[in-house]
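Tertiary structure, described
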Amino acid sequence: MRRITSLFICAIATAALLGAAAFADSGPIVSPMADPYYKYGGLKDTEGFGKAKPSEIFYGGDPTGLVCNIRWKTWGGPIATGYGTGWYVNSHQSVAQGHPAVAIVKASHLGRWNGKRAYLRLRWSFPKRGTQHAPGC
C-alpha cells in the first residue's frame, strides 16, 4: 500500500511540475500588431516581435526605430515595463545628430494574437528628455 501511495504522490508531483512548466511557457509575447507598420505589411528587418521579453525591438529603418539591451522589470501583467537604450533625437535635430540614451519601454493592451496572449501596443520614451546617455547598441 505504501508503494502505491508513493507512486501516486510521484505521479501527482510530476503532473504538477509539467503543468507549471507549460503555464510558464504560455507567457505573453509582443505581437507583430504592435509594429506601427504592421497594417501596411510590416518591414522586413524587424526584431523582437512575436517573442516574450525581447532584449531588442527594431521597427526597421533608421536608428530611431531601435531599442536594445532591454531589461524587463515587469512582464505578464496589464503593462510590461523595461529599460533599454534607444536613439534620442530632439525636435531640432536630424537623426545623425542624435545619441544613445536611456529609454523606458512599455508594452500594453494585453490581448490575443494568433491564439497566443500578446501585448498589442508597444512604445518607448526617454526620461529627462534624453539627457541620460547610455552605451550604444
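This structure is a prediction, so every number in the text was calculated from the model and none was measured. Sequence order as written defines the numbering, with residues in each chain counted from 1. Since the coordinates come from a predicted model, pLDDT governs what is reported: local features require at least 70, and pairs of side-chain atoms require 80 or more to be given and counted, while whole-chain, interface and lining totals use all residues. In computing side-chain properties, one takes all heavy atoms of the structure into account and sets aside hydrogens as well as water.

A count of helices and strands for the chain gives one helix and six strands. Note on conventions: DSSP H or I runs of at least 4 residues are helices, E runs of at least 2 residues are strands, and numbering of each starts at the N terminus. Mapped in sequence order, the helices and strands of the chain form the string α-β-β-β-β-β-β. Under the scheme applied here, a residue whose accessible area is under 20% of the maximum for its type counts as buried, over 50% as exposed, and between as partly exposed, the area being computed with a 1.4 Å probe on protein chains only. When each of the 137 residues of the chain is scored for burial, the buried share is 32%. Excluding contacts between residues fewer than 6 apart, the proportion of contacts in the chain whose partners are at least 24 apart in sequence is 43%. Of the roughly 9000 Å² that the chain leaves accessible, carbon and sulfur atoms contribute 59%. We call two residues contacting when some pair of their heavy atoms lies within 4.5 Å. Only the protein chains shown count as cover for residues, and all accessible areas are computed by the Shrake-Rupley method using a 1.4 Å probe.

On to unusual backbone geometry, then. Despite not being glycine, N114 has its phi angle at roughly 50°, a positive value. Taking the relative accessible area as the measure of exposure, N114 reaches 62% and is therefore exposed. Unusually for a residue other than glycine, R129 sits at a positive phi of about 55°. Here R129 is to be found in the segment after β6 (116–125). Overall, the relative accessible area of 70% leaves R129 in the exposed class.

So, about the nonpolar core. Remark: nonpolar core denotes a set of buried residues (Ala, Val, Leu, Ile, Met, Phe, Trp, Tyr, Cys) joined through side-chain atoms within 4.5 Å. Grouped together as the largest cluster of nonpolar side chains are 19 residues, with contacts concentrated most on F49, I57, W72, V105, L122 and W124. Top contributing element to this core by residue count: strand β5 (residues 99–113), with four residues. Excluding residues within four positions of it along the chain, L122 makes contact with V30, A34, F49, I57, Y59, V105, K106 and A107.

The next subject is the sheet that holds strand β2 (residues 57–58). Strand pairing is assigned whenever DSSP detects at least two bridges linking the two strands. Read across the sheet, six strands follow the order β1-β6-β5-β4-β3-β2 without closing on themselves; strand pairing throughout is mixed. A strand with exactly one partner marks an edge of an open sheet, and here the two such strands are β1 (29–30) and β2. Pairing geometry for strand β4 (residues 80–88) and β5, over nine bridges, is antiparallel. By the bridge assignment, Y83 is partnered in β5 with I104.

Our next topic: the state of the cysteines. One way to say it: the disulfide is the covalent bond shared by the sulfur atoms of two cysteines. Cysteine sulfur pairs qualify as disulfides if the two atoms are within 2.5 Å. Going through the model one piece at a time under the given rule, you end up with one disulfide. Here C68 connects covalently by a disulfide to C137, the sulfurs 1.8 Å from one another. Handedness here is read from the sign of the S-S torsion; for C68 and C137, about -90°, the answer is left-handed. In this pair, C68 is assigned in strand β3 (residues 66–72) and C137 in the segment after β6, connecting sequence segments 69 residues apart.

One speaks of a salt bridge when a side-chain nitrogen belonging to Lys or Arg is within 4 Å of a carboxyl oxygen belonging to Asp or Glu. Tallied over the entire structure, the rule returns one salt bridge. E47 is paired through a salt bridge with K51; the nearest N and O atoms lie 4.0 Å apart. Residue class for E47 comes out partly exposed when judged on its relative accessible area of 36%. Given the relative accessible area of 43%, K51 is considered partly exposed.

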